[in-house]
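Residue-level structural notes
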Amino acid sequence: RLPASVRVVEVGARDGLQNEKTVVDTAKKIEFINRLSGTGLRTIEATAFVSPKWVPQMGDHKEVMAGIDRRQGVTYPVLVPNLKGYEAARAAGATEVNIFTAATESFCQKNINCSIDESFDRFRPIFEHAAADGIRVRGSCSVVLGCPYEGAMEPSQVVPVVRRLLEAGCYEVSLGDTLGVGTAGHADRLLQALSAEGLPFERLAMHCHDTYGQALANILTALQYGIAVIDSSTAGLGGCPYCKGALGNVATEDVLYMLHGLGIHTGVDLDGVIDAGAFMSEVLGRPSVSRAAKALLTK
Ligand code: HMG
Ligand code: MG
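Residues numbered from 1 in each chain as written. Chains lettered and ligands numbered in written order. Predicted model: local features only at pLDDT ≥ 70, side-chain atom pairs only at ≥ 80, totals over all residues.

- Where an unreviewed UniProt entry is consulted, the protein chain appears under the name hydroxymethylglutaryl-CoA lyase, with the organism given as Vitrella brassicaformis.
- Database annotation for the protein chain, UniProt heading Catalytic activity (unreviewed entry): "(3S)-3-hydroxy-3-methylglutaryl-CoA = acetoacetate + acetyl-CoA".
- If you open the UniProt record of the protein chain and go to Pathway (unreviewed entry), you find "Metabolic intermediate metabolism; (S)-3-hydroxy-3-methylglutaryl-CoA degradation; acetoacetate from (S)-3-hydroxy-3-methylglutaryl-CoA: step 1/1." (UniProt positions renumbered as here; feature names shortened; annotations may be inferred.)

Written out as C-alpha cells, the structure is:
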C-alpha cells in the first residue's frame, strides 16, 4: 500500500549547487529558493554550513540565509557537519539542521575527514544545543546502496548507522544512494533489513541520485514500504564533490510527475517547480535533465 501523501524535500539549492564547477551567484541562489518557496514545497534545503575550503560553492551560506524570503509553512534546513557549522547556522536563523555521516568508513573520511564514530562524537554537542535552542535535527546516511570506495553495500553495514542516527535524536533519517548505483532489488533488500530490525519507516526518507537512471524505481520501492518523505532536486541538479562519478539527484519534476500519477498528494505545483528549474538551468547555461520538465515544456 502506498502512502496517501508524500513530503518532497527539495535539495537542489544545496546538493544541486554544491557540485557546480563555478560558484553560482548568491543572488541567483536566493531567487531560485524564493521561486521554489512559492510552489507548495514545505521543505527546501537552502545551503550547507561546511568549510568553504572544502566546498567553496556553499561559502555564501550566511548571505543565502539572510537573503531568502522565508515563507510561513516552509522550512529551510541546512547541512552542518560539526558544532562550528551548527553555531553559524543558528546565528543565520536556521530552524532545522541536517547532520550527515556515512555507511562506510572510507566515504566518511573523504567527505567529512573523520571516522563514523568520530562523526557521532561531533554530533553529540549539536543535539545538546539543538534541544536547548528548539532546532530540529535531521540526519543523512550516505552510500546506503553503493560506495565509490568500497563497492556495493550489504544492508548489515547500513542498518546500524541508520539506527544510531535515529537513536541519537534525529527526527528523521534520509537514506542516501549517493552514487546513484542502486537498483530496486538492492533497495528492497535494504528496506527489508530495516523493517526486520523494526526501524520506524515514518521517520525515514529516501535520497536518490540518478546516475544509473534507477532513482524512480528505487523511490517507488521505498513508497511501497511506507516511506513518505522523498528528497529530490529541481532540474536534477547535483552530485557530491567527494563522490566521483555521481550525477545529480533525481529531478523533483520527475518525482512529482510519478507521485501525482500514482494519486499521491504532495501539495506541490509541478508547473511552478518546472519554472524554477528553467530559471536555474538558464543560470547554469545548460538544459534541465528532468525528463518530465523537458516533455511538459515541449508539449
Ligand atoms: P576538517 O579539516 O577535518 O576540520 O574538516 P577541522 O575541525 O580540523 O577544521 C579545519 C578548518 O576548517 C578550520 O579552519 C576550521 O575553522 C574550519 P582554519 O583554522 O584551517 O582556517 N571549519 C569550518 N569552517 C566553516 N564551517 C564549518 C567548519 N568546520 C571546520 N562547519 C569538515 C571537517 C567537516 C569541516 C570538512 O570535512 C567539510 O567541510 N566537509 C564538507 C563535506 C561536504 O559538504 N560534503 C558534501 C555534502 S554531503 C552530501 O552531499 C551527501 C548528501 O547529499 C546525502 C547523500 O547523497 O548521500 C547529504
Ligand atoms: Mg546527495
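And the narrative resumes.
**A word on helix α10 (residues 252-261)**
- The buried count for α10 comes to seven of 10 residues, which makes it a mostly enclosed element.
- Here α10 has its buried residues at Thr252, Glu253, Asp254, Val255, Leu256, Tyr257 and Leu259.
- Where α10 is buried, its residues contact β1 (7-10), α1 (12-16), α9 (215-224), β11 (229-232), α11 (270-284) and α12 (291-297).
- Gly263 sits one or two residues past α10 and shows a positive phi near 80°. (Buried ≥ 20, exposed ≤ 12 C-beta atoms within 10 Å, placed from the backbone. Helix = DSSP H or I, 4+ residues; strand = E, 2+ residues; numbered from the N terminus. Contact = placed C-beta atoms within 7 Å.)

**Description of the sheet that holds strand β3 (residues 47-48)**
- Strand order across the open sheet formed by nine strands is β2-β1-β11-β10-β9-β6-β5-β4-β3, with parallel pairing between neighbours. Each edge of the open sheet carries a strand with a single partner, namely β2 (43-44) and β3.
- The sheet contact formed by β1 and β2 spans two bridges and is parallel. The residue bridging Val9 from the neighbouring strand is Thr43, located in β2.
- Each of β5 (96-102), β6 (136-142) and β9 (172-177) is contacted by helix α7 (residues 155-168), which is oriented at about 170° to β6, the strand it contacts most.
- On the sheet, α10 packs against β1 and β11 and is oriented at approximately 175° with respect to β1. (Pairing = 2+ DSSP bridges. Axes fitted to C-alpha atoms, helices over the stretch in contact; angles between N-to-C directions.)

**A short note on the site of ligand 1**
- Residues in contact with ligand 1 amount to 26 residues; listed here are only the nearest, Val50, Gly85, Ser142, Gly176 and Thr178.
- In terms of residue class, the shell around ligand 1 is built from 12 nonpolar, 12 polar and two charged. (Near = placed C-beta within 6 Å. Nonpolar A, V, L, I, M, F, W, Y, C, P; charged D, E, K, R; others polar.)

**Re unusual backbone geometry**
- Even without glycine at this site, Asn113 takes up a positive phi of about 60°.
- Relative to the assigned elements, Asn113 resides in the loop between α5 (105-112) and α6 (116-133).
- A residue is classified by how many C-beta atoms lie within 10 Å of it, and Asn113, with 13 of them, is partly exposed.
- With a phi close to 50°, Val143 is a non-glycine residue in the positive phi region.
- Position of Val143 among the secondary structure elements: in the loop between β6 and β7 (146-147).
- Look at Val143 and you get buried, because 30 C-beta atoms sit within 10 Å.

**Concerning the UniProt feature "domain: Pyruvate carboxyltransferase" (unreviewed entry) in the protein chain**
- In this structure's numbering, the residues bearing the UniProt feature "domain: Pyruvate carboxyltransferase" (unreviewed entry) are residues 6-274.
- The annotated region residues 6-274 carries 41% helix and 16% strand content, and the separation between its end C-alpha atoms amounts to 19 Å.

**Some thoughts on the pairing of β11**
- By the alternation rule, side chains of β11 split into Val229 and Asp231 and Ile230 and Ser232, which are all buried.
- In this sheet, β11 lies alongside β1 in parallel orientation, the contact comprising four bridges. By the bridge assignment, Val9 is partnered in β11 with Asp231.
- The pairing of strand β10 (residues 204-208) with β11 spans two bridges and is parallel. Across the sheet, residue Met206 finds its bridge partner in β11, namely Ile230.
- On the question of chirality, the crossover connecting β10 to the parallel β11 by way of α9 is right-handed. (Right-handed = clockwise from strand over helix to strand, strands pointing away.)

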